[in-house]
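Analysis of the macromolecular model
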Amino acid sequence: MRRRLLSIAASILVLVVSSLCAGPAGAQSPSLAPDAVAAARELVTASRAADTLKTLLPVIMQQLKPAIVQGRPEVERDLDAIMPQVIEAMRARSDAFADAIAVIYAHNFTADELRQLTAFYRGPIGQKFLEKMPLVAQESMAMGQKFGQELAGDLRDRMIEELRKRGHNL
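On a predicted model such as this, the values are computed, not experimentally measured, just so you know. (Residues numbered from 1 in each chain as written. Predicted model: local features only at pLDDT ≥ 70, side-chain atom pairs only at ≥ 80, totals over all residues. Heavy atoms only, no water.)

It is worth spelling out the pattern of salt bridges at this point. Here the structure, examined in full by the defined rule, presents nine salt bridges. Its salt-bridge partner being D80, residue K65 comes within 2.6 Å of it at the nearest N-O pair. Highlighted residues: K65 in helix α3 (residues 49–69) and D80 in helix α4 (residues 73–91), separated in sequence by 15 residues. Assessed through its relative accessible area of 11%, K65 is described here as buried. For D80, a relative accessible area of 36% gives the class partly exposed. Close ionic contact of E162 with R158 constitutes a salt bridge, the shortest N to O distance being 3.5 Å. Of the two residues, E162 and R158 are both situated in helix α7 (residues 124–165); the distance of four residues between them amounts to about one turn of the helix. In this structure R158 comes out as exposed when scored by relative accessible area, which is 52%. A network of salt bridges, in which partner residues are shared, links R158, E161, E162 and K165. (Salt bridge = Lys/Arg side-chain N within 4 Å of Asp/Glu carboxyl O. Helix = DSSP H or I, 4+ residues; strand = E, 2+ residues; numbered from the N terminus. Buried < 20%, exposed > 50% of the residue type's maximum accessible area, 1.4 Å probe, protein only.)

Below, the structure written as structure tokens:
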């Protein structure tokens with residue numbers, strides 16, 4: 001269960017942090033040029049990718065909690081007890097995460113494009129963007145969860161309605 005939880009959290013984090021740090025699509029590099037990798041690492045630092053990961057971990061863990069606990073108080077109590085350890089273990093991997101993101105950027109952007117993105121993040125609007133992104137991400141995840149629940153309910157109702165039209169007694 002713990003391994004599954006960590007896998008789900010890691011997948012969510014990759015999507016969220018990648019979207020937070022992404023800029024406009026650029027030309028793909030045919031190979032990993034050393035200057036592109038260096039520029040990508042600088043971008044990851046300027047965009048605070050590892051910091052964003054650290055900030056979002058507790059939020060993501062709280063959102064995963066209901067699926068794990070499923071109304072069982074003893075599981076909730078134990079999950080609450082281990083949550084700080086799990087979060088800290090994930091935070092300890094933030095350097096590896098930042099390196100992996102840098103490689104992805106170096107594959108997808110030229111060194112010059114990466115330097116331009118870095119300049120954006122170091123400028124005033126880039127700094128405001130970084131300042132606001134944890135809240136925007138948290139609000140977006142909450143909205144996405146609510147939207148998903150509403151969509152699932154609507155889909156369920158629509159499927160039942162269509163099946164009833166075909167003579168099924170549901």
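What follows concerns a nonpolar patch on the surface. A surface patch of nonpolar side chains, about 410 Å² in accessible area, is lined by M143, F147, L151 and L155. Within the secondary structure, L151 sits in helix α7. Classification of L151 by relative accessible area gives partly exposed; the value is 40%. (Patch = residues over 30% accessible without salt bridge, like charges linked within 9 Å, V, L, I, M, F, W, Y side chains within 5 Å. Areas by Shrake-Rupley, 256 points an atom, 1.4 Å probe, with all protein chains shown as cover.)

What follows is about helix α5 (residues 94–108). Taking 1.5 Å as the rise per residue, α5 with 15 residues should run 21 Å; its terminal C-alpha atoms sit 21 Å apart, in good agreement. Along α5, the positions that sit buried rather than exposed are S94, F97, A98, I101, A102, Y105 and A106. (Expected span 1.5 Å × (residues − 1).)

Considering the arrangement of structural elements, one finds E88 in helix α4. For E88 and K54, which are 34 residues apart along the polypeptide, the C-alpha to C-alpha distance reads 8.9 Å.

All right, on to the packing of aromatic side chains then. The tally for this structure, following the rule as stated, stands at four aromatic pairs. Ring centres of F120 and Y121 lie 5.1 Å apart, and the angle between their planes is 70 degrees; on these two criteria the pair is classed as edge-to-face. Residue class for Y121 comes out buried when judged on its relative accessible area of 2%. A network of ring pairs unites the aromatic residues F120, Y121 and F129 as a single cluster. (Phe/Tyr/Trp six-rings, centres within 6.5 Å; stacked < 30°, edge-to-face > 60°.)

Counting residues in hydrophobic clusters, the biggest one holds 36 residues, and the most contacted among them are A40, L43, V44, Y105 and L114. Those elements giving two or more residues to this core turn out to be α2 (34–46), α3, α4, α5, α6 (111–122) and α7. In terms of residue count, α3 provides more of this core than any other element does, ten residues in total. Apart from residues lying up to four places away in sequence, L43 is in contact with Y105, L114, L117, T118 and Y121. (Core = buried A, V, L, I, M, F, W, Y, C linked by side-chain atoms within 4.5 Å. Contact = heavy atoms within 4.5 Å.)

Structurally, the position occupied by T118 is in helix α6. By relative accessible area, which is 5% here, T118 ends up buried. Ignoring sequence-local partners within four residues, the contact set of T118 consists of A39, E42, L43 and A46.

Turning to the confidence of the model for the chain, a few remarks are in order. Of all residues in the chain, 82% attain a pLDDT of 70 or more, and the chain-wide mean is 83. Element-level pLDDT for the chain is lowest in helix α1 (residues 2–21), with a mean of 49, against a maximum mean of 97 in α6. (pLDDT = per-residue confidence, 0-100.)

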